[in-house]
Amino acid sequence: SSRGSTPSLTGSSHSVAVSSMREAGERLGATLVFCWGRARRGQLGQGDMLVRPSPSLLPLPPLTTITRVAAGARHALALTACGEVWGWGDNSKGQLGQGMAALLHPALVSLPKGETARDISCSSQASLVVMGSGRFLLLGSPGTASSGARLQVLAPPLDPGLTPIS
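Predicted, not measured: the structure shown is a model, and the values here were computed from it. (Residues numbered from 1 in each chain as written. Predicted model: local features only at pLDDT ≥ 70, side-chain atom pairs only at ≥ 80, totals over all residues. Heavy atoms only, no water.)

J.: Kindly report on the sheet that holds strand β3 (residues 66-71), identifying the contributing residues and their values.
T.: Reading across from one edge, β3-β4-β5-β6 is the order of the four strands in this open sheet, with antiparallel pairing throughout. At either end of the open sheet lies a strand with only one pairing partner, and these are β3 and β6 (102-108). Going from strand to strand, the sheet's axes swing by 10 degrees on average, the running direction of each strand aside. Two elements, β3 and strand β4 (residues 75-80), share five bridges in a ladder whose sense is antiparallel. Bridge assignment links Ala-70 to a residue of β4, and that residue is Leu-77. (Pairing = 2+ DSSP bridges. Helix = DSSP H or I, 4+ residues; strand = E, 2+ residues; numbered from the N terminus. Axes fitted to C-alpha atoms, helices over the stretch in contact; angles between N-to-C directions.)

J.: Explain the pattern of salt bridges to me, and be specific about the residues and the numbers.
T.: Applying the stated criterion to the full structure yields five salt bridges. For the salt bridge of Arg-68 with Asp-119, the shortest nitrogen-to-oxygen distance reads 2.7 Å. Of this pair, Arg-68 sits in strand β3 while Asp-119 sits in strand β7 (residues 117-122); the two residues are 51 residues apart in sequence, bridging distant segments of the chain. Asp-90 is paired through a salt bridge with Arg-74; the nearest N and O atoms lie 3.8 Å apart. (Salt bridge = Lys/Arg side-chain N within 4 Å of Asp/Glu carboxyl O.)

J.: Describe the side chain of Asn-91, listing the residues and the values that go with them.
T.: The residue Asn-91 is located in the loop between β5 (85-90) and β6 in this model. Overall, the relative accessible area of 4% leaves Asn-91 in the buried class. Once you skip the residues sitting within four places of it in the chain, Asn-91 turns out to touch Leu-96, Gly-97, Gln-98, Gly-99, Met-100, Ala-101 and Ala-102. (Buried < 20%, exposed > 50% of the residue type's maximum accessible area, 1.4 Å probe, protein only. Contact = heavy atoms within 4.5 Å.)

Spelled out as structure tokens, the structure:
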């Protein structure tokens, strides 16, 4: 009896097409970022400060492939496959770089000339970008005692026991 059984696909070209479509869908699904919750400082990236109890798609340019997302207390970063960093939300301590006190839409974080990002991290009021050169870009105020915004490019610590990443 075929009742209750899963239908099977026959024909190699059909199964390849279905497999290809599934893989494309998985890649597409992996690039979408959804945000929800409170947005007092625009940390949902929706262009406003409204509470959103349901997931809302983050508006990013078409064909932007997100590989990593990091969140601070009221700001967030997204890393793209091509080494760009997008940021949105609270920027009162400069944790998203230069500009307004709050970014209601995702905006590109300015990296030093010739650099791309390979990793990101956020603390409460600061952001850290690991750049392709191995240097770090520190944005914002990592400590509560500091009231001013900061932007620092730091070299990695020298450790003779570590081998360089090629």
